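# Coordinate analysis (summary)
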Amino acid sequence: MERTGSRWLSRLYLIIVFIFLYVPIVYMIVYSFNAGGQMHHFSGFTLDWYRELFSDTRLLMIVLNTLIIALFSAAVATAVGTMGAIGLYFLTQRRVREGLLTLNNILIVNPDVVIGASFLILFTVLGIQLGFISVLIAHIAFSIPIVVLMVLPKLYEMPRTLIDAASDLGAPPRQVLTRVIIPFITPGIMAGFFMALTYSLDDFAVTFFVTGSGFSTLSVEIYSRARHGISLSINALSTILFGVTMLLVFGYYWLSQRGARRLALWVKR
Amino acid sequence: MTRTLKWTLLAPYMLWIVVFVIIPIALIAWNSFFDLEGRLTLDNFVRFFSPTYLKMSFISIWYAFLITFISLLVAYPTAYVLSRTRHKQLLLLLIILPSWVNLLLKTYAFMGIFGMYGLVNAFLSLFGIPAQEILFTDFSFIFVSVYIFIPFMILPIYNAMEEMPRGLIEAALDLGASQWTVIRRVIWPLTLDGVKTGIQAVFIPSLSLFMITRLIAGNRVITLGTAIEQHFLVTQDWGMGATIAIVLVLMMVVTMRFAQATPRA
């Protein structure tokens, strides 16, 4: 169907797009090893910036805070979101369910500046001091809708007969929930948790609004350092973060693949 | 499922919806009616329709339009080629991967690349073009934004391409349509929903981003997002900030209406 000429052209185009996508990341990583101290003129290999990074206790504390916020907010959001999704699934009034889902999606499509600003007002009105707690609450809040969206499709994939069978065999509703529904939707719950985790780790705008002055997460810290200009320890930090992100992505893929396989086995049985 | 169990499951979720979805939006709306001294007034809206703010909104929309348009221009052929390659899954993963890298870090990388002695100027000097400041220009702002948003444009279009029945293209070709006609009359209409989703995913965020304007455009470009951040965190004029936020939300609603997938018969 396609002539060789156009095939070469399309291959070339794809290569250019990939170069466009990866040059900035590679550039940043390469210069994290630059002895020259600038993001230009590579004058020699050094690990100094990594050493500087690891001796920067303030920054290490921020990394720790960021991780705590991410794990904790993802866990809470996953719990609330999963419960909400199951509740939505069993909601018989279609109008109510659709209304709730629309409200759910508002937080996903709303620009994060607006979310940040509105949370700032909310915390001020509620008298919650800006800092660790406000950031944590905000992260939980904006992660819940994404968990719901990851879990709901799994629920609709579940054969309704499975629940009927369990009930007919005398399982009380609570047992149906813990022994049938939750095991079935576990891949969705895991996906939701990972998405919440990455949302939290990645967020800048919302955190920036509700963080106050004493507390900082990595994104906010990178922003304020970058505003002062280039420092190669940020490059070193990015390189490490990039590595961690890759691990997370591949971990997620591995888990979801394994989850799919286990599910297939389970259904076959 | 008993009623009690169902509502126990829903209770925390509904509480969340009330506290973190409904109340914040109401608070933004409420705040937009107050001025700096806390007086109830419509001043903020009057001010919004003054030349300064109208011009800013117009410029912001114009930039968002350019960013969306260029993203589409680059993304559409990419999605097309991608859907026709052999190692689809792997290549798709490679497209998604950069979108998992922290936004701030990607923006930061460009501070180096576009810098006075950065990659781009080094490249230009090969052709004898003298080094020039690329950072802090409209060009750098648009370029970096396109870079950041491109995966979000490619993905929905790619999905639409994948959903398209392959037989249709062959049928059109067999019936004598030229390549160009196939693209224009078959592929484009069938992937339009993906294009709309992509536009939605790029246009709204590019109206509201503020860190790129701060880091890359050096306050030369003021978007609606920058203005909101400025009012809330710098000048502390929450009323005006809330008013701009309302305008931004309205624009989002309009964009979504426009980009809503048309139901096919």
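Residues numbered from 1 in each chain as written. Chains lettered and ligands numbered in written order. Predicted model: local features only at pLDDT ≥ 70, side-chain atom pairs only at ≥ 80, totals over all residues. Heavy atoms only, no water.

## Focus on the side chain of Ser118(A)
- Mapped onto the secondary structure, Ser118(A) falls in helix H5 (residues 112–126).
- One polar contact links the side chain of Ser118(A) to the main-chain carbonyl oxygen of Ile115(A), over a distance of 2.9 Å.
- The contacts of Ser118(A), once residues within four sequence positions are left out, are Pro24(B) and Ile28(B). (Helix = DSSP H or I, 4+ residues; strand = E, 2+ residues; numbered from the N terminus. Polar contact = N/O pair within 3.5 Å; in protein donor to acceptor, adjacent residues only side chain to side chain. Contact = heavy atoms within 4.5 Å.)

## Let's talk about the interface of chain A and chain B
- Listed per partner, the contact involves 83 residues of chain A and 77 residues of chain B.
- At the boundary of chain A with chain B, total buried surface from both sides reaches about 7300 Å², with 82% on carbon and sulfur atoms.
- At the surface where chain A touches chain B, the tally comes to zero salt bridges.
- Where chain A meets chain B, there are nine residue pairs in polar contact (both at pLDDT 80 or more).
- It is helix H1 (residues 4–31) of chain A that contributes the most residues to the side of chain A that touches chain B, 13 residues altogether. (Buried area = accessible area lost by both parts, 1.4 Å probe. Salt bridge = Lys/Arg side-chain N within 4 Å of Asp/Glu carboxyl O.)

## Brief notes about the packing of helix H8 (residues 166–174) of chain B against helix H9 (residues 179–190) of chain B
All names here are of chain B.
- Viewed as axis vectors pointing N to C, H8 and H9 meet at an angle of 165°, and their least axial separation amounts to 10 Å. Regarding the angle of H8 to H9, the classification is roughly antiparallel. Between H8 and H9 lies a crossing of right-handed hand. Packed against H8, whose contacting residues are Leu168, Ile169, Ala172 and Leu173, the element H9 presents Val182, Val186, Ile187 and Leu190 at the interface.
- Split into classes, the residues belonging to the contact of H8 with H9 amount to eight nonpolar, no polar and no charged. (Axes fitted to C-alpha atoms, helices over the stretch in contact; angles between N-to-C directions. Parallel < 35°, antiparallel > 145°, perpendicular 65-115°, else oblique. Left-handed = near helix turned anticlockwise from the far one by under 90°. Nonpolar A, V, L, I, M, F, W, Y, C, P; charged D, E, K, R; others polar.)

## Comments concerning helix H12 (residues 224–234) of chain B
Residue and element names in this part refer to chain B.
- In terms of burial, H12 is a largely internal element, eight of the eleven residues being buried.
- Those residues of H12 lying buried are Leu224, Gly225, Thr226, Ala227, Ile228, Glu229, His231 and Phe232.
- Gln236 sits one or two residues past H12 and shows a positive phi near 60°. (Buried < 20%, exposed > 50% of the residue type's maximum accessible area, 1.4 Å probe, protein only.)

## Brief notes about the confidence of the model for chain A
- Of all residues in chain A, 94% attain a pLDDT of 70 or more, and the chain-wide mean is 88.
- Within chain A, helix H11 (residues 232–268) of chain A has the poorest average pLDDT of any element, 74, and H5(A) the best, 95. (pLDDT = per-residue confidence, 0-100.)

## Quick look at the UniProt feature "transmembrane region" (unreviewed entry) in chain B
All names here are of chain B.
- Following the UniProt record, one finds the feature "transmembrane region" (unreviewed entry) at residues 12–33, 53–76, 88–105, 141–158, 198–217 and 238–259.
- Counted over residues 141–158, helix gives 100% and strand 0%. Its end C-alpha atoms are 26 Å apart.
- Between the C-alpha atoms that bound residues 198–217 there is a distance of 24 Å. The span itself is 80% helix and 0% strand. (UniProt positions renumbered as here; feature names shortened; annotations may be inferred.)

## Focus on the UniProt feature "transmembrane region" (unreviewed entry) in chain A
Residues and elements named next belong to chain A.
- UniProt's entry tags residues 12–33, 59–91, 103–126, 132–156, 176–198 and 236–255 with the feature "transmembrane region" (unreviewed entry), counted in the numbering of this structure.
- Along residues 59–91, the helical share is 97% and the strand share 0%, with 46 Å between the first and last C-alpha atoms.
- Taken end to end, residues 132–156 is 100% helix and 0% strand, and its first and last C-alpha atoms sit 37 Å apart.

## Structural notes on the packing of aromatic side chains
- Tallied over the entire structure, the rule returns 36 aromatic pairs over all chains.
- Plain terms: the ring middles of Phe114(B) and Phe143(B) are 5.5 Å apart, the flat faces sit at 70° to each other, and that makes the pair edge-to-face. On the criterion of sequence distance, the pair formed by Phe114(B) in the loop between helix H5 (103–113) and helix H6 (119–125) and Phe143(B) in helix H7 (residues 138–163) is long-range, its members being 29 residues apart.
- Among the aromatic residues, those joined into a cluster by ring pairs are Phe204(A), Phe208(A), Phe209(A), Tyr223(A), Phe210(B), Phe232(B) and Trp238(B). (Phe/Tyr/Trp six-rings, centres within 6.5 Å; stacked < 30°, edge-to-face > 60°.)

## Quick look at the UniProt feature "domain: ABC transmembrane type-1" (unreviewed entry) in chain A
- Those places that UniProt annotates as "domain: ABC transmembrane type-1" (unreviewed entry) correspond, in this numbering, to residues 63–252 of chain A.
- Taken end to end, residues 63–252 of chain A is 85% helix and 0% strand, and its two terminal C-alpha atoms sit 21 Å from one another.

## Examining the pattern of salt bridges
All names here are of chain A.
- Within this structure, the stated rule accounts for eleven salt bridges over all chains.
- For the salt bridge of Arg94 with Glu98, the shortest nitrogen-to-oxygen distance reads 3.2 Å. Placement of both Arg94 and Glu98 in helix H4 (residues 94–109) is noted, with a separation of four residues, approximately one turn of the helix.
- According to the relative accessible area criterion, Arg94 is exposed, its value standing at 54%.
- Given the relative accessible area of 37%, Glu98 is considered partly exposed.
- A single salt-bridge network, built from bridges that share partners, covers Asp56, Arg58, Glu221 and Arg225.

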